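The residues making up each chain are set out below.
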Amino acid sequence: MKEIINSVLDCIGQTPMIPINLCRLDKTCLRPDGHRGRQTCRMGRSQPKSIARIMAKLEFINPSGSVKDRIAKHIIEKAERRGDLKKDSIIVEASSGNTGIGLAMVAAAKGYRLIIIMPEHMSKERVKIMRALGAKVILTPKSGGFTRPVQKAEAMAKRNPKIFLPRQFSNPDNTEVHRLTTGREIIRQCHGKIDAFVAGIGTGGTLMGVAEALREKGIKAKIVAVEPSEAAILSGEVEMCSHHIAGIGDGFIPEIVNEHKIDQVVKVNSLDAVKMAKRMITRLGLMVGVSSGANYWAACQVARQLGQGKTVVTVLPDRMERYFSTALFK
């Protein structure tokens, strides 16, 4: 641990992992059919023998509270080195919240102006955090989904040459940072013994980057994408419906997602994701958000499929304080 650092940005990455196998899960927790009946998760001392070990990477420990700190720092610093980002540049990005918060932290630390464009139905806490960090937030109508913020950012950049667009959904630097950091950290922490990696598809950077890191080392782990059942685009269900798993399921497949690298897609409905997140908070003391509940719920399904002696790795992307006004606390 570094006891003295030069910037808050030096705290990004090198997050710990935790086995979440002390939580004894019965069959109602593990059913892959989205069963919504009573769930009776009880704390136990050992892993149920019928399922694989589940390891979770605590990305909510990053300084602004999410895995997106990694891409915020990396994309900005790569742009600086290329000369795309200058001292008088204005950073403009479309975000559902976590990338916006990460960018707001980086912009504050480096002295850049930042404008975040996001759909109006994202949580109020996200907006307050970004504004507190000095960012300007522009809200777009919910009816336009996530496509409208992206289009608005592109239109602003055409009008103003000082605007720099991180373009998280299409920027290969997004995938690169997870290949260079997240993936390699996971390999080291698990000593290369990884049978499946499970992560939600927001931009897809985490899943794609970790997949590339695993393949570089010859690790043939199953790559599992998680998406809301209400917006199951990867599963071929193109109709977009409202859901409560912020950060994933934006209604389109991002450019940086290579579907050929995905071995399995697990659909999680919002209710199961919220319930799982609540249980992780109250029974394990993990102060996580809804996407963490979705990832862990999906990891349970994969762990049951693989069985004893295998290891499933997932990530817990963000913290609970940006969900106080959402279904997680109702």
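> Can you help me understand the overall build of the chain in this one?
Helix and strand content of the chain: 9 helices and 12 strands. For the chain, the C-alpha atoms occupy an extent of roughly 60 × 40 × 40 Å along the three principal directions. Relative to its full complement of 330 residues, the chain shows a buried share of 57%. Approximately 14,700 Å² of the chain is accessible, and the part contributed by carbon and sulfur atoms is 52%. Across the chain, 52 positive and 31 negative side-chain charges occur, with their mean positions spaced 5 Å apart.

> Just to check I follow, could you spell out unusual backbone geometry for this structure?
Outside of glycine, negative phi angles account for most residues, and trans bonds account for most peptide bonds. Look at Arg-167: it is not a glycine, yet its phi comes out positive at around 50°. Summarising the element assignment, Arg-167 is placed in the loop between β8 (163–164) and α6 (172–189). Arg-167 gets classed as partly exposed once you look at its relative accessible area, which sits at 37%. A positive phi angle, close to 55°, is found at His-191, a residue other than glycine. Counting through the fold element by element, His-191 comes out in the loop between α6 and β9 (196–200).

> Explanation requested: the sheet that holds strand β1 (residues 17–19) in the structure shown.
The pairing of strands in a sheet comes from backbone hydrogen bonds and takes either a parallel or an antiparallel form. Pairing in this open sheet of 6 strands is mixed, and the strands run β1-β4-β12-β9-β10-β11 from one edge to the other. The sheet is open, and its two borders are formed by β1 and β11 (264–268), each paired with just one other strand. On average, each strand axis in the sheet is inclined to that of its neighbour by 25°, with strand direction left out of account. Bridging between β9 and strand β10 (residues 222–228) involves 5 bridges; their strand directions are parallel. Pairing of Gly-200 across the sheet is with Val-226, part of β10. Along the sheet face, helix α7 (residues 205–216) touches β9, β10 and β12 (311–316) and points at about 175° away from the line of β10.

Criteria and thresholds
Residue numbering note: each chain is counted from 1, following its sequence as written. Given that the model is predicted, a residue must reach a pLDDT of at least 70 before its local features are reported, and side-chain atom pairs must reach 80 or more before they are shown or counted; all residues, however, enter totals for whole chains, interfaces and linings. Values shown for side chains rest on all heavy atoms present in the structure; no hydrogens or waters enter the calculation. Helix and strand assignments follow DSSP, with helices taken as H or I runs no shorter than four residues and strands as E runs no shorter than two, numbered in order from the N terminus. Accessible area is worked out with a 1.4 Å probe on protein chains only. A residue is then buried under 20% of its type maximum, exposed over 50%, and partly exposed in between. Each accessible area is a Shrake-Rupley estimate made with a 1.4 Å probe; only the visible protein chains count as cover when residues are assessed. When charges are counted, Lys and Arg are positive and Asp and Glu negative, with His and the chain ends excluded. Charged side chains are reduced to one point each, which is NZ for Lys, CZ for Arg, CG for Asp and CD for Glu. Note on pairing: DSSP must find at least two bridges between two strands before they are called paired. For helices, the axis comes from a line fit to the C-alpha atoms of the stretch in contact; other axes are also lines fit to C-alpha atoms, and the angle between any two N-to-C directions lies between 0 and 180 degrees. We call two residues in contact whenever any of their non-hydrogen atoms come within 4.5 Å of each other.

Taken by themselves, the reported measurements are silent on function.
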